[in-house]
Amino acid sequence: MRSSVLLQGWGRSTGSRSAVLGPLTGAALRELLAHPPDGGVLARGAGCSYGDAAQNAGGVVLAPATVPEIRVDALGGTVRAAGSARFTEVLARTVPRGLLLPVLPGTGRLTVGGAVAADVHGKNQRTDGSLANWLESVELLDGTGQVRLLTPDQEEFRATVGGMGLTGVVLAATIRLIPITSTRLRVTSRRVADLDALLAELDGARSRYAVAWIDTTAGGRALGRGIVDLGDHLDGPQPDGGELAFAPARAVRAPRLPVGPFTPLTARAFNELWYRRAPRERTGTQGLPEFFHRLDAVREWNRALGPRGFLQYQFAVPDPAVGLLAEAIAALGRVDAAPFLGTVKRFGPAADCPLSFPLPGWSLAVDMPTAGRRLHDLLDLLDRRVAEAGGRVYLAKDARLGRTAFDAMYGPLDGWRAARARLDPGDTMRSDLGRRLGLCR
Ligand SMILES: Cc1cc2nc3c(=O)[nH]c(=O)nc-3n(C[C@H](O)[C@H](O)[C@H](O)COP(=O)(O)OP(=O)(O)OC[C@H]3O[C@@H](n4cnc5c(N)ncnc54)[C@H](O)[C@@H]3O)c2cc1C
């Protein structure tokens, strides 16, 4: 055990100290949860959630909880992967069998446990839903130390998927895979001049994958300009006739800087450059890491953003509130927020899991340095606007949401709390995020 380790999320804007354990054998894990420490227990994955979801101040954090075992059932088209297995490790085993994980978030470094706990989504949420849609079962070590096999028909399954680690430790998950015959995708990138055009492109997209990078610093008539990427798997054999294989992008390490590089001025220049250097339209092919995990090409890019860290604000709103996207971008400009990265996705049907994030409508995610009071007041205001519109903020990205706004977005959560009480009657599973939002002691 390592005692008093400082743990932070990807954004490095908050941190807390915990005792860190793991990987443990099944028997040791059961023993730990049957006789839990005073500060409670939490499983941590790769620490890719941006805020305090994978922290448990003063308690125990399992990092990793288990060993990363992976078993592919090529005939059945499924993989059973341990909670601590990273997506890149799973892909390295499934892709050579012509099978792909159906949901690929913007990093491949995350773990299966973290993916289940956040019910992650990819560029295909509209067409394929979030991970919940693809889970056959979840093996959970509940808060009492009992192993349970959870299936989608159970309330306990729905409380665990999206449940941010507060119902137990995900030991393993069985995920249905999608068949591929090639590791390459046909990708069309289109530069669009404003938000209306960008939303229209995403709305009209017929491809399996669709996402837009958006210049969150442009104002006036250029507000919301960006680049839309549409992708589909290539049919037929590998273009080069080679074997199917997956290797993560070769990454260069980002420099650690004493101060954050992004100010309103540099964020604007960076976004301008990105926009200008994109061709008006280009169709070509891309490999899996290039299309799905572009940001992974720079290792630890989160450390290059200065010692104070950064925030991502990601919200989803139903169609009638699409105007909130423009409102948020314009307001961030007024408080000099220096947003350096923005993405927009069109969302389809929601999963039947109370804490899952996606809902039918639109999602905007903006990365920006942590800044002073003005930015935080604005985000508080946006929280209220998002909640009033029937939308929500993504907990896996969140480091600051208040309890009132959270309740308005996700509440009343009676079913979730009842299921958690059955899985964890002693309130053993705890996190900083859970305490902040009133989900645990
Ligand atoms: C560059 C980047 C791009 C991203 N893009 C996307 C995206 O496109 N779509 C998307 O949905 N998300 C995206 N994310 C967010 C990320 O997918 C989620 O935060 C995910 O939960 C991270 O998984 P992790 O393994 O790092 O878990 P951690 O961050 O370590 O933990 C996240 C939560 O999972 C819980 N948890 C972890 N392991 C277990 C376990 N074994 N049992 C129970 N609970 C567990 C933790 O307690 C915590 O509550 C992105 C993150 C980054 C850094």
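Residues numbered from 1 in each chain as written. Predicted model: local features only at pLDDT ≥ 70, side-chain atom pairs only at ≥ 80, totals over all residues. Heavy atoms only, no water.

1. Concerning the overall build of the protein
Going by this rule: A run of H or I in DSSP becomes a helix once it reaches four residues, and a run of E becomes a strand once it reaches two; helices and strands are each numbered from the N terminus. Note that the radius of gyration is over C-alpha atoms, with the globule rule given as 2.2 Å times the number of residues to the power 0.38. Only protein chains enter the calculation, and the probe is 1.4 Å; a residue is then buried if its accessible area is under 20% of its type maximum, exposed if over 50%, and partly exposed in between. Two residues qualify as a contact provided that any one of their heavy atoms is within 4.5 Å of a heavy atom in the partner residue. Computed with a 1.4 Å probe, the accessible areas rest on the Shrake-Rupley method; for each residue, only the protein chains presented here act as cover. When charges are tallied, Lys and Arg are placed among the positive residues and Asp and Glu among the negative ones, while His and the ends of the chain are skipped. Lys charges are placed at NZ, Arg charges at CZ, Asp charges at CG and Glu charges at CD.
When helices and strands are counted, the protein shows 13 helices and 21 strands. The C-alpha atoms of the protein give 21 Å as radius of gyration, which agrees with the globular expectation for 441 residues (22 Å, within 12%). A total of 441 residues make up the protein; the buried ones form 58% of that total. Considering only contacts within the protein whose residues lie at least 6 apart along the sequence, 74% involve residues at least 24 apart. Total accessible area on the protein stands at roughly 17,700 Å², and carbon and sulfur atoms take up 53% of it. One way to put it: in the protein the 54 positive side-chain charges average out to a point 5 Å from where the 44 negative ones average out.

2. A few points about the domain arrangement of the protein
The line we're drawing: Start and end points for every domain follow an automatic or database-based domain assignment. Defined here as a combined quantity, buried area equals the accessible surface (1.4 Å probe) lost by two parts on assembly, summed across both.
Structurally, the protein comprises domain 1 (70-180) and domain 2 (184-404). Taking only C-alpha atoms into account, the centre of domain 1 sits 23 Å from that of domain 2. Of the roughly 3,000 Å² buried between domain 1 and domain 2, counting both surfaces, carbon and sulfur atoms make up 59%. When the area that domain 1 buries against domain 2 is broken down by residue, the three leading residues are His121, Lys123 and Arg126, summing to 26%.

3. A word on empty space enclosed by the protein
What counts here: With a 1 Å grid spanning the protein atoms alone, the term cavity applies to any set of points in which a 1.4 Å probe fits but cannot get out, the term pocket to an open set with protein on both sides within 12 Å along at least five of seven lines, and the term lining residue to any residue with an atom within 4 Å of a point. Grid points are joined across faces, edges and corners, and a volume is the space filled by probe spheres set on the points. Gly is placed with the polar residues, together with every amino acid not listed as nonpolar (Ala, Val, Leu, Ile, Met, Phe, Trp, Tyr, Cys and Pro) or charged (Asp, Glu, Lys and Arg).
Taken as a whole and judged by the stated rule, the model has 2 cavities of 30 Å³ or more. What the largest cavity holds in volume is close to 50 Å³. Leu311, Gln312, Tyr313, Gln314, Leu379, Val393, Tyr394, Lys397, Asp398, Ala399 and Arg400 together form the lining of the largest cavity. With 4 residues, strand E18 (residues 310-317) is the single largest residue contributor to the lining of the largest cavity. Its residues assigned to classes, the lining of the largest cavity shows 6 nonpolar, 2 polar and 3 charged. Here the second largest cavity defines a volume of roughly 30 Å³. Every residue lining the second largest cavity is listed: Gly260, Pro261, Phe262, Leu305, Phe310, Phe340 and Pro369. Here the residues of the lining of the second largest cavity are counted per class, giving 6 nonpolar, 1 polar and no charged.

4. Focus: the packing of helix H10 (residues 373-388) against helix H11 (residues 403-410)
Defined as follows: To obtain an axis, a line is fitted to C-alpha atoms, over the contacting stretch when the element is a helix, and the angle between two such axes runs from 0 to 180 degrees between their N-to-C directions. Here the word oblique covers every angle except those under 35 degrees (roughly parallel), over 145 (roughly antiparallel) and from 65 to 115 (roughly perpendicular). Take the far helix as your reference; a near helix turned counterclockwise from it by less than a right angle gives a left-handed crossing, and one turned clockwise gives a right-handed crossing.
Running from N to C, H10 and H11 cross one another at 20 degrees; their axes reach a closest spacing of 9 Å. Classed by the angle they form, the pair H10 and H11 counts as roughly parallel. The element H10 and its partner H11 pack so that their crossing is left-handed. Across the interface between the two elements, Asp383, Val386 and Ala387 of H10 pack against Ala405, Ala408 and Met409 of H11. Looking at side-chain class alone, the contact of H10 with H11 contains 5 nonpolar, no polar and 1 charged residues.

5. Overview of the pattern of salt bridges
Convention followed: Salt bridges are defined as contacts in which a side-chain nitrogen from Lys or Arg sits within 4 Å of a carboxyl oxygen from Asp or Glu.
In the structure shown here, the tally under the stated rule is 29 salt bridges. One salt bridge in this structure joins Glu388 and Arg385, with 3.8 Å as the shortest N-O distance. Here Glu388 and its partner Arg385 are both found in helix H10, 3 residues apart, which amounts to about one turn of the helix. For Glu388, a relative accessible area of 61% puts it in the exposed group. With relative accessibility at 31%, the residue Arg385 sits in the partly exposed group. Linked through salt bridges whose partners overlap, the residues forming this network are Arg126, Asp203, Asp319 and Arg346.

6. Considering the site of the ligand
Inclusion rule: Each residue is tested against the molecule or strand, and it is near if at least one of its non-hydrogen atoms lies within 4 Å. Polar contacts, as counted here, are pairs of nitrogen or oxygen atoms within 3.5 Å of one another; within protein the pair requires one atom able to donate a hydrogen and one able to accept it, and residues that are adjacent in sequence qualify only if both atoms are side-chain atoms.
Lining the immediate surroundings of the ligand are 34 residues, of which Ala43, Ser49, Thr111, Val170 and Tyr394 lie closest. A distance of 3.0 Å separates an oxygen atom of the ligand from a polar backbone atom of Gly106. At a separation of 2.7 Å, a nitrogen atom of the ligand approaches a polar backbone atom of His121. Expressed as a share of its isolated accessible area of 960 Å², the protein-covered part of the ligand is 97%.

7. Examining the pairing of strand E20 (residues 361-369)
Operational definition: Whether two strands pair depends on DSSP finding at least two bridges between them.
Counting buried positions along E20 yields 9 of 9 residues, so the element is predominantly enclosed. Direction of pairing for E18 relative to E20: antiparallel, over a ladder of 8 bridges. In the strand pairing of E20, Tyr313 is matched with Val366.

8. Here we look at the nonpolar core
Here is the rule: Residues belong to a common nonpolar core when they are buried Ala, Val, Leu, Ile, Met, Phe, Trp, Tyr or Cys residues joined through side-chain atoms within 4.5 Å.
Within the largest apolar cluster, 108 residues are counted, with the highest numbers of intra-cluster contacts made by Phe315 and Val344. Every residue in contact with Val344, bar those within four places of it in the chain, is listed here: Leu198, Leu199, Leu202, Val211, Ala212, Ile214, Leu325, Trp362, Ser363 and Leu364. One finds Trp10, Ile227, Ala278 and Leu305 within the second-largest nonpolar core, a separate group that totals 14 residues.

9. Thoughts on helix H7 (residues 264-277)
For clarity, the cut-off: Take the number of residues in a helix, subtract one, and multiply by 1.5 Å to get its expected span. Note that the arc is computed from the directions linking the helix axis to the C-beta atoms.
With 14 residues, H7 should cover 20 Å at 1.5 Å per step; its first-to-last C-alpha distance of 20 Å lies within 8% of that length. Buried residues of H7: Ala267, Asn271 and Tyr275, and no others. Buried residues of H7, viewed axially, fall in a sector of 65 degrees; they line one side. Of the residues in H7, the exposed ones pointing more than 90 degrees away from the buried face are Leu265, Leu273 and Arg277. Turning to H7, the residues buried within the fold contact strand E12 (184-192), strand E13 (209-214) and strand E14 (226-233).

10. Observations regarding the environment of Ser356
Tracing the chain through its elements places Ser356 in the loop between strand E19 (341-347) and E20. The spatial distance from the C-alpha of Ser356 to the C-alpha of Ala269 is 35 Å, given a sequence separation of 87 residues. Apart from residues no more than four positions distant in its own chain, Ser356 is found in contact with Asp119, Ser130, Ala351, Arg392 and Tyr410. At a separation of 2.5 Å, a polar atom in the side chain of Ser356 contacts the side chain of Asp119.

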